[in-house]
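Architecture and fold: a report
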Amino acid sequence: MRLAIQQVLVILCQTAACRPCKLQQTVRVSLTNYIIPMLHKSLPLAGLILLLPLFCLAQVFDSQLSPLITRVGDIQKIRVLPNGSFYAAGDFTLANRTEESSVARFLTDGSLDESFQATLPFSTTALAVQPDGKVIIGGFFTGPSAPEGLTILRLNTDGSQDLTFQAGFIPQGNINDIEVEFNGTILVAGSFTLYDGMAAQGLVRLNDNGSLQQIISLDPNRTIFANDLITQVNGRFAVAGVAVGGPNGPEGYLSYRTYNGVPVGNFSYSSDLPGVNNFMTSVRDITFDNLGRIVLTASTFLIRYAVVVLNVDGSINNWSDIFGIPMDVALDPQGSVLVAGEFNGVNAVHRYLPNEGLDFYNAGPGADGVIREMVVADDGRILLGGNFSRFNGAAALGLERLSPTGLPIPSFNPAVERPGRVLSIARYDDSRVCIGGDFTMIGNTFSPNIARLMLSDGTYDPSFSQPGISYRNIIRTITVDPQGRIYLGGTNNNTGSNIAQSPVLRLMPDGQIDGSFAPSPLPLGEINSLVPLGNGQVLAVGNFNVFNPGIIAQSATVYEANGAINTAFSDRFSGQARAALQQADGNILLAGPGMSLDGAPSAPMLRLTPSLQIDGSFSAPAGFTCLEGCEVHMAELPNGQLMIGGAFAVGADSLLVRLQPGGQLDASFQLDGPLSPESDEEEAIAAPSAIALMANDQILVVAPADSIGATPINRLVLIGNDGQVSMPLNGDAFETQLPETVLPLSSNTALIGGTLIDPARPGHFALARIAIPIMANADISGEVLDINGEPVIGAQVSLQGGATATTQTDENGAFSFEGLNAGLSYTLSAALDTMPLNGVSTLDLILINQHILGLNLFGGPLPYLAADINNTSSITILDMIGIRKAILGISTTVGDNPSWKFVPQAFTFSSPSNPWATDIPSTISINALPLEGVADADFVGIKMGDVNGDADTGN
């Protein structure tokens, strides 16, 4: 049974090595759906882990661990239909767990209208609905092969694309709003200056079929970027945005126009705010109130925001500063102005009080993310959309409906989701791992940004209680201490003040926040590394500041067991630490620009003792220079050497180097070539984001790179101990494969986390377990003999492919290449170009002449090759003339060849009397070197001009 399984694996894995092959999908399905489960039943797990890599030529993704990890979608626009159902559009791929691409239609109760299904890979930023129910969307295509630029599409009432609608192309910018006018024409507004190759000011009108009707000129002297539109049944419309290029810099723009684009004569708008030395710098959102007046929200010069109500002539009726960010404005049935956004620390719907400010929402904590869209129904209920995972503490994935009093309606539970991102993985114990990142759901379990999973199948650990951290607190690093407590390093970019928003947290083993560890004040920024110290202390490193009210800690600080900052350490440290690594001996490595402790000279790398003193035995490598923020990742080898990857350079080396234990650059580690970024952006670099140590001192590297030197990679590559590519790990890849972190599980298995999406793996996002080939050593050997079977001594044999090397045949004509990586492919060739007249005489001329005359034909294919010195695939009098010239000393070579020609001994000539009937190989190709090696890589040497084979093979 076990032998049969191995034989099947050999066949399947060798076939799977050819990624473009049509059989690849079948192979992957066979491996994951049949072979692996069969092996689990017949072999221990350890046997499976060892067996697959031994035979497969690329990594294998384990389908038994395929968690559904999603994050909440991002709703940009909502349009409600007369019957109460509504369209929601933005960036999502699942609606109520049904595949939908960026647009979905929901019924009034929040259930999905499955008669509409949009499947185009698209991200929607603007949305309008025609009277016939068709949907116009603006945005951009997504996916690995998505075209650049912005696109306007129309969808039929079933969600399919309406190909009769063909709009123009916008090369760059944003499409912010689309409105269908009273007669069916379409206004498109955004931040763009070109439309179909023609100059534009952020506003165009399209015909019903998408063709361009008019580029509407808004201001001949300034550039206009349009944020919002409103239309009226009389054909008039208002457009709002920002004007740039004027004497005051960016200025809030608002224009009220007739259908033909001419400004309404009795309407005059000014960006100046009365009574203060302040003006609007951008008009964000506009609507009409029940008196026909324009109500708007705007940013202002004094770094504030404002709500402004205009009179019908454009003058300001009333206004007020608001301290927060308004995202949308609408009116309730009573005519009150509602503003959606984050104010007074609550992201919700707030009521505007003319000339006074906002009456803040007080029915709960509101949304834990951004509200982008608000629609108020005639009965006063409010439909919200955006990028949030909770409202008033209860799960609400991107959509929520509030009662007229502002309370969520419990029966309304739509959900929009997209693939999650795993940014950090930590081993909890032998059977469980903790993951952190940017996600909301693990299967059907609501668990924003932190979860503990079972290693057996990736399901949620039922003993782990979701701690309730903020969805905006993206977890970037996880550390588990000996007591089983879990330290989280996260993100606080929104001045969060409560414990759920803290970027430094300690969880109890059951997942609940440890209230005895309460950092205050909270760091502002990102935590990249956490190192537990003795006595409950923890060292936090990253891109952050702690204010109280001035800066009391920056980029590296020690928290006491109760969460208080150890100000003594903060006073000792200066610079910008970006990463930390605790070594096996307890010492701590720090990396980042300009670091100094206790006033010592600054350095990009420091090593601290467990008592947080400078370790003088370590010095940063000479020439270490930080690039683009100096994000660095480190790993310690068993011998104390250090692998360093990230945004840095050390002299001529960059991005990935190995250091000696004392910090000196290890020159014996040399990459095949530079890591080339997959991005075409001019400043892009392929800085590794994770490094893991695997079997045989090999290194698994995760980097946003598409090649190392001449070797293509797909963000994953296995590097040998010398820095050379062992395996690019391109096979069996996800269609969208953007790994960002890795955790070794054994010598040749690992978890990778990041953005992982593949239509062939539905329901499998963000986290995968891979089996990586064990690069066992194998040999290639052979011999080189002449046409009489005598050894050819001193022939040069070259090896290419999985390794590059040359050797010479010995006195027996033998050669060997030892210690090669099994599983890789190799090509051999032989050459010898000395003593051209060796074995060439008038006897050879006589034999060739007899053959041409038909008196004495050659007895096999090899004399034909020896006689064809001018490479014409024939034997003629010209070959005899060339040999005669060489014998007489007129020519220093025998024809147009090196002295010897070599053919693989295993090659069979289809026609002995016409050896050129098929192509004659000159190399030996070995696809996937087997573990037992190859011992018969033999060549036959043919001395050119020597048809009777009497050349001296000892040369």
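What you see is a predicted model, and the numbers here were worked out from it, not measured in a lab.

Moving on to the overall build of the chain. The helix and strand tally for the chain stands at seven helices and 72 strands. Expressed along its principal axes, the backbone C-alpha trace of the chain runs to roughly 115 × 70 × 60 Å. Counting only residues that meet the buried cut, the chain has 55% of its 955 residues in that class. Taking all contacts inside the chain whose residues are at least 6 apart in sequence as the whole, residues at least 24 apart take part in 50%. Of the roughly 38,000 Å² that the chain leaves accessible, carbon and sulfur atoms contribute 52%. Averaged over its 44 positive side-chain charges, the chain has a centre that lies 8 Å from the centre of its 87 negative ones.

Spatially, the three strands line up as an open sheet ordered β35-β36-β39, and their pairing is antiparallel. Both edges of this open sheet fall to β35 (421-429) and β39 (450-454), since each of them pairs with a single strand only. Mean inter-strand twist for the sheet, computed between neighbouring axes without regard to direction, equals 25°. Note that β35 and strand β36 (residues 432-438) share seven bridges and pair antiparallel. Directly across from S424, in β36, lies its bridge partner G436.

A separate point is the packing of aromatic side chains. Taken as a whole and assessed by the stated rule, the structure comprises 20 aromatic pairs. Look at F907 and F909: their rings are 4.9 Å apart centre to centre, the planes differ by 80°, and that puts the pair in the edge-to-face class. Residue class for F907 comes out partly exposed when judged on its relative accessible area of 23%. According to the relative accessible area criterion, F909 is buried, its value standing at 15%. In textbook terms, an aromatic cluster arises when at least three aromatic residues are bridged by ring pairs, as seen for F86, F106 and F412. Sitting above the plane of the Y428 ring, R452 keeps its charged end 4.4 Å from the centroid. The cationic tip of R761 hangs over the ring face of F734; the distance from NZ or CZ to the ring centre is 4.2 Å.

What follows is about the nonpolar core. A general tendency of soluble globular proteins is for nonpolar side chains to be buried together. If you look at the biggest cluster of nonpolar residues, it comprises 42 residues, and the most contacted ones within it are L700, V742, I752, I780, L828, F902 and L929. Here this core spans two domains, since at least three of its residues come from each of domain 1 (572-729) and domain 2 (777-943). Filtering out sequence-adjacent residues up to four positions away, L828 remains in contact with I780, V797, S798, L799, F815, F817, S922, T923, I924, I926 and F939. With 32 residues, the next largest nonpolar core counts V422, I442, I450 and I469 among its residues.

Let us now look at unusual backbone geometry. Looking along the chain, the bond that leaves S520 and enters P521 is cis, with omega of -5°. Following the sequence through the fold, P521 ends up in the loop between β43 (504-507) and β44 (524-532). The residue after N548, namely P549, is reached through a cis peptide bond having omega -10°. Secondary-structure assignment places P549 in the loop between β45 (538-547) and β46 (551-559). You will see that N344, though not glycine, has its phi angle at about 55°, which is positive. Relative to the helices and strands, N344 resides in the loop between β26 (337-343) and β27 (346-353).

Take the state of the cysteines next. Tallied over the entire structure, the rule returns one disulfide. The disulfide partner of C626 is C630, and the gap between their sulfur atoms is 2.2 Å. Between C626 and C630 the disulfide shows an S-S torsion of about -50°. By sign, it is left-handed.

Packing of helix α5 (residues 842-853) against helix α7 (residues 877-887) leaves a shortest axis separation of 10 Å and a crossing angle of 175°. With respect to α7, the axis of α5 lies roughly antiparallel. Residues T842, L845, I848, N849 and I852 of α5 touch α7, and the partners they reach there are I877, M880, I883, R884 and I887. Split by residue class, the contact of α5 with α7 holds seven nonpolar, two polar and one charged.

Quick look at the sheet that holds strand β10 (residues 151-155) now. On the basis of which strands lie adjacent, the open sheet formed by three strands has the order β8-β9-β10 and antiparallel pairing. Both outer strands of the open sheet, β8 (122-129) and β10, are each paired with one neighbouring strand and no more. If you compare each strand with its neighbour and ignore which way they point, the axes differ by 30° on average. As judged from the five bridges shared by strand β9 (residues 135-141) and β10, these two strands associate in the antiparallel manner.

We now examine the pairing of strand β33 (residues 399-402). The alternating pattern of β33 places L399 and R401 and E400 and L402 on opposite faces, both of which are buried. With four bridges connecting them, strand β30 (residues 382-387) and β33 associate as antiparallel partners. Directly across from L384, in β33, lies its bridge partner E400.

As a further point, take the environment of V264. Tracing the sequence through the fold places V264 in the loop between β19 (251-257) and β20 (272-273). A residue is classified by how much of its surface remains accessible, and V264, at 5% relative accessible area, is buried. The spacing of V264 and N444 is 180 residues in sequence and 54 Å in space, taken between C-alpha atoms. Apart from residues no more than four positions distant in its own chain, V264 is found in contact with R236, Y256, R257 and T258.

Per the domain assignment, the segments making up the chain are domain 1 (572-729) and domain 2 (777-943). Each of domain 1 and domain 2 has a C-alpha centre, and these two points are 48 Å apart.

For the coordinates displayed, the defined rule picks out 33 salt bridges. K134 is paired through a salt bridge with D162; the nearest N and O atoms lie 3.1 Å apart. Here K134 is found in the loop between β8 and β9, whereas its partner D162 is found in the loop between β10 and β11 (174-180), with 28 residues between them in sequence. We note a salt bridge from R506 to D514, for which the minimum N-O separation is 2.8 Å.

Moving on, we come to the confidence of the model for the chain. Looking at the chain, the pLDDT average stands at 89 and 93% of residues meet or exceed 70. Scored below 50 in pLDDT, residues 1-57 makes 82 contacts in the model with residues more than four places away or belonging to other chains.

Together, E148, D680, E681 and D706 make up a negatively charged patch on the protein surface. With respect to the helices and strands, E681 occurs in the loop between β55 (675-677) and β56 (690-693).

Let's shift gears to a nonpolar patch on the surface. Taken together, the side chains of L524, F547 and I551 present a nonpolar region at the surface, about 250 Å² in accessible area. With respect to the element layout, L524 can be found in strand β44. Residue classification places L524 among the partly exposed positions, given a relative accessible area of 31%.

What counts and what doesn't
Residues numbered from 1 in each chain as written. Predicted model: local features only at pLDDT ≥ 70, side-chain atom pairs only at ≥ 80, totals over all residues. Heavy atoms only, no water. Helix = DSSP H or I, 4+ residues; strand = E, 2+ residues; numbered from the N terminus. Buried < 20%, exposed > 50% of the residue type's maximum accessible area, 1.4 Å probe, protein only. Contact = heavy atoms within 4.5 Å. Areas by Shrake-Rupley, 256 points an atom, 1.4 Å probe, with all protein chains shown as cover. Lys, Arg positive; Asp, Glu negative; His and termini not counted. Charge placed at Lys NZ, Arg CZ, Asp CG, Glu CD. Pairing = 2+ DSSP bridges. Axes fitted to C-alpha atoms, helices over the stretch in contact; angles between N-to-C directions. Phe/Tyr/Trp six-rings, centres within 6.5 Å; stacked < 30°, edge-to-face > 60°. Lys NZ or Arg CZ within 6 Å of the ring centre and 35° of its normal. Core = buried A, V, L, I, M, F, W, Y, C linked by side-chain atoms within 4.5 Å. Domains from an automatic or database assignment. Disulfide = S-S within 2.5 Å. Parallel < 35°, antiparallel > 145°, perpendicular 65-115°, else oblique. Nonpolar A, V, L, I, M, F, W, Y, C, P; charged D, E, K, R; others polar. Salt bridge = Lys/Arg side-chain N within 4 Å of Asp/Glu carboxyl O. pLDDT = per-residue confidence, 0-100. Patch = residues over 30% accessible without salt bridge, like charges linked within 9 Å, V, L, I, M, F, W, Y side chains within 5 Å.

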